[in-house]
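Results of the structural survey
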Amino acid sequence: DTEVTQTPKHLVMGMTNKKSLKCEQHMGHRAMYWYKQKAKKPPELMFVYSYEKLSINESVPSRFSPECPNSSLLNLHLHALQPEDSALYLCASSQIERGWEKLFFGSGTQLSVL
Amino acid sequence: AQSVTQLDSQVPVFEEAPVELRCNYSSSVSVYLFWYVQYPNQGLQLLLKYLSGSTLVKGINGFEAEFNKSQTSFHLRKPSVHISDTAEYFCASQAAGNKLTFGGGTRVLVKP
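What comes next is a walk through the structure.

Criteria and thresholds
Residues numbered from 1 in each chain as written. Chains lettered and ligands numbered in written order. Predicted model: local features only at pLDDT ≥ 70, side-chain atom pairs only at ≥ 80, totals over all residues. Heavy atoms only, no water. Helix = DSSP H or I, 4+ residues; strand = E, 2+ residues; numbered from the N terminus. Rg over C-alpha atoms; globule rule 2.2 N^0.38 Å. Buried < 20%, exposed > 50% of the residue type's maximum accessible area, 1.4 Å probe, protein only. Contact = heavy atoms within 4.5 Å. Areas by Shrake-Rupley, 256 points an atom, 1.4 Å probe, with all protein chains shown as cover. Lys, Arg positive; Asp, Glu negative; His and termini not counted. Charge placed at Lys NZ, Arg CZ, Asp CG, Glu CD. Salt bridge = Lys/Arg side-chain N within 4 Å of Asp/Glu carboxyl O. Pairing = 2+ DSSP bridges. Axes fitted to C-alpha atoms, helices over the stretch in contact; angles between N-to-C directions.

1. A short note on the overall build of chain B
Scanning chain B for helices and strands turns up 0 helices and 12 strands. Secondary structure elements in chain B, listed N-terminal to C-terminal, are β-β-β-β-β-β-β-β-β-β-β-β. For a compact globule of 112 residues, the expected C-alpha radius of gyration is about 13 Å, and chain B comes in at 13 Å, within 12% of that figure. Summarising its shape, the C-alpha atoms of chain B cover approximately 40 × 30 × 20 Å along the three principal directions. The proportion of buried residues among the 112 residues of chain B is 47%. Taking all contacts inside chain B whose residues are at least 6 apart in sequence as the whole, residues at least 24 apart take part in 55%. As displayed, chain B offers around 5,500 Å² of accessible surface, 50% of which is attributable to carbon and sulfur atoms. Counting 9 positive and 8 negative side-chain charges, chain B places the centres of these two groups 8 Å from one another.

Structure below.
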């Protein structure tokens, strides 16, 4: 199994809603990532979990709250988002190969905030 | 600090024609270099990588790239494109222990 699975694929939410994005991998990778991608732009790193501990937070607003319940699962909890948060949210996991990290990406959740 | 510049935001190309996507990088230390492809409504997929050794690297789907240290470039090429190659292509660099740095992306539109 070389897949990173993200659910839901699409999400529409209001600015007062609370929702969660989910990500799952069964490749035994110990690093997992959240990226945000606006249309026609490269992905921007949000968070990195290493061995289930948050290791990088790229100054992301607190309305985004990551959680890593176990080594296979990664969640992103959303609350009080703004319309400018509408984007494709990508999850990735990685393995170390000869000193470099090979990233495996999920297909993403397309989020629209109304 | 690292940076990656993709010189073309869009490249239209006819089917079965060759294509070259240009990428230049800047770094004060040695970096690994990558090309990722993103098909519509998909995540990113690794096309190829340069770690060390031979400067010509071959990847999946008939793509290859050449590392040129003196010109700090890592251009991607394919001799004959298919309609299915229509996608966004990202060049990226990574220094040891650092996060991946992406270029701005190049949208390839293959026309019949």
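2. A few points about the pattern of salt bridges
Pairing between side chains becomes possible if they bear opposite charge and their charged atoms approach one another. Residues and elements named next belong to chain B. In total, this model carries 9 salt bridges over all chains according to the counting rule given. A salt bridge links Glu64 to Lys58; the shortest N-O distance between them is 2.8 Å. In this structure Glu64 comes out as partly exposed when scored by relative accessible area, which is 21%. The exposure class assigned to Lys58 is exposed, which follows from its relative accessible area of 63%. The network of salt bridges with common partners includes Glu20, Glu66 and Arg77.

3. A short note on the sheet that holds strand E7 (residues 64-70) of chain A
All names here are of chain A. The sheet built from 4 strands is open, its strands ordered E1-E3-E8-E7 with antiparallel pairing. Lying at the two open borders of the sheet, with one neighbouring strand each, are strand E1 (4-7) and E7. Across the sheet, the mean angle separating the axes of adjacent strands is 20° when strand polarity is ignored. Bridge analysis of E7 against strand E8 (residues 73-79) gives 5 bridges, and the strand direction is antiparallel. Paired with Pro66 across the bridge in E8 is Leu76.

4. Topic: unusual backbone geometry
Cis geometry is found at the peptide bond from A:Thr7 to A:Pro8, where omega equals -10°. Of note in the backbone geometry, B:Asn41 takes a positive phi value of approximately 60° without being a glycine. Within the element layout of this structure, B:Asn41 appears in the loop between strand E5 (31-38) and strand E6 (44-50). Accessibility expressed as a relative area gives 71% for B:Asn41, which makes it exposed.

Nothing here speaks to function; it is all geometry.
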